[in-house]
Amino acid sequence: MAHAAVISNNKGGVAKTELTVQLAAALARAGKNVLVVDMDPQANATRRLGIEWDAKAPILTMSEVIKADQIGAGEGAVVACGWALPDGSPTPEAERIDVLPARFDLINRETEAGVVGAVRRLQKALEGWTDDYDVILIDTRPDLGHLVQMSMAAADTIIIPTDPNYDSVEAAIRVNDFVARHAIDIANPTLAVGGIVVTRRKTTIEHDYQIEGLRGQFGDLVWNLGGVVKMSDGSELLNPAYIPEWSRFAEADAAAVSLSGWTDRNGRKTVALYDAVARTYISRFLNAEGVAA
């Protein structure tokens, strides 16, 4: 049975979609089969996973899936990750990643919050066909509206990425408080935050102060990624404890590729860091057989 995680923060610009996409790639490198569900009308996760909208050859997207309000409706909209090798064949990571893509018209579903049972539409769409996946990652809008609540209703846990700035940390706390107060109201009473991933960290006194506050608020829910990593060539890298503000992350986002597309030392550093995120995910949420614990 697949383990489903919503990637959520009430503030934008905290590397939410970056975490979704590059965690999917890292889990694929670890041998896991991943379904990425794009529940953000901006559709950035869809584009970054190599899927582009072609008006001459339209595909089903999450707008149609949610509108259908049917058990298993998502299966017919699944597309393969579009990352490809120079010869056009899928990359090894892409072979393990499928996508339920989004388009801007997904915002139309936001206005249907008052429809009876609307909060369960995504949960229903994923029923009956996702057992071949180990992990489902759901990318969301930077708010706590209907599309986000629908995503939470379909999830086993919440992962909150946040940069260590005051507004972002406050937004992370807001997500945690919302889940604690309203999980039962979205028909998912056992839902809870399972991780805080610090992103875009800079070596400043302010960021150190905010991280200290995060750890005081959330304890070991704040993922520490630090440690020495041995690479395949025998060299060693020291991972930082948190995801730094490295330019390579923005380059991968813009190019719509996996971080593994770079083989220089900076590329290896970013891959090693996200591999640590994947190891933390697996150790916290998956058992030794790679299925939901």
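Summary of the structure given here. (Residues numbered from 1 in each chain as written. Predicted model: local features only at pLDDT ≥ 70, side-chain atom pairs only at ≥ 80, totals over all residues. Heavy atoms only, no water.)

A short note on the packing of aromatic side chains
(1) Moving on: Counted according to the given criterion, the structure contains five aromatic pairs.
(2) Moving on: Relative to Tyr133, the ring of Trp129 lies with its centre 6.3 Å away and its plane at 85 degrees, an arrangement referred to as edge-to-face.
(3) Moving on: Where Trp246 meets Phe249, the ring centres are 5.9 Å apart and the plane angle is 15 degrees; that geometry is what we call stacked.
(4) Moving on: Owing to a relative accessible area of 26%, Trp246 belongs among the partly exposed residues under this scheme.
(5) Moving on: Judged by relative accessible area, Phe249 falls into the buried class, the value being 3%. (Phe/Tyr/Trp six-rings, centres within 6.5 Å; stacked < 30°, edge-to-face > 60°. Buried < 20%, exposed > 50% of the residue type's maximum accessible area, 1.4 Å probe, protein only.)

What to know about helix α5 (residues 146-153)
(1) Moving on: The buried fraction of α5 amounts to seven of the eight residues, a majority that puts the element mostly inside the structure.
(2) Moving on: Among the structural elements, β1 (3-7), α3 (62-68), α4 (121-126), β5 (135-139), β6 (157-162) and α6 (166-182) are those in contact with the buried residues of α5. (Helix = DSSP H or I, 4+ residues; strand = E, 2+ residues; numbered from the N terminus. Contact = heavy atoms within 4.5 Å.)

Here's the deal with the nonpolar core
(1) Moving on: Counting 49 residues, the largest nonpolar core has Val37, Met39, Met62, Leu122, Met152 and Ile158 as its most contacted members.
(2) Moving on: Contact partners of Met39, with chain neighbours within four places excluded, come to Met62, Ile66, Leu106, Leu122, Ile138, Asp139, Thr140, Arg141, Leu147, Met150 and Ser151.
(3) Moving on: One finds Val21, Ala252, Ala276 and Leu286 within the second-largest nonpolar core, a separate group that totals 40 residues. (Core = buried A, V, L, I, M, F, W, Y, C linked by side-chain atoms within 4.5 Å.)

Notes on the environment of Gly76
(1) Moving on: Here Gly76 lies in the loop between α3 and β3 (79-80).
(2) Moving on: Through-space distance from the C-alpha of Gly76 to that of Arg141 is 23 Å; in sequence the pair is 65 residues apart.

Things to note about the pattern of salt bridges
(1) Moving on: Taken as a whole, this structure holds 15 salt bridges when the rule is applied.
(2) Moving on: Note that Glu93 and Arg29 form a salt bridge whose closest N and O atoms lie 2.9 Å from each other. Remark: Arg29 occurs in helix α1 (residues 16-29) and Glu93 occurs in the loop between β3 and β4 (97-100); sequence separation between them is 64 residues.
(3) Moving on: We note a salt bridge from Arg120 to Glu127, for which the minimum N-O separation is 3.6 Å.
(4) Moving on: A single network of salt bridges, built from pairs that share partners, joins Lys16, Asp40 and Asp139. (Salt bridge = Lys/Arg side-chain N within 4 Å of Asp/Glu carboxyl O.)

Considerations on the sheet that holds β3
(1) Moving on: Spatially, β3-β4-β2-β5-β1-β6-β7 is the arrangement adopted by the seven strands of the open sheet, whose pairing is mixed. Since the sheet does not close on itself, it has two edges, and those belong to β3 and β7 (193-198), each with one partner.
(2) Moving on: Relative to β1, helix α9 (residues 265-285) is tilted by about 130 degrees, and along the sheet it contacts β1, β5, β6 and β7. (Pairing = 2+ DSSP bridges. Axes fitted to C-alpha atoms, helices over the stretch in contact; angles between N-to-C directions.)

Regarding unusual backbone geometry
(1) Moving on: We note that Ala15 has phi near 75 degrees; this positive angle belongs to a residue other than glycine.
(2) Moving on: Its location among the elements puts Ala15 in the loop between β1 and α1.
(3) Moving on: Assessed through its relative accessible area of 6%, Ala15 is described here as buried.

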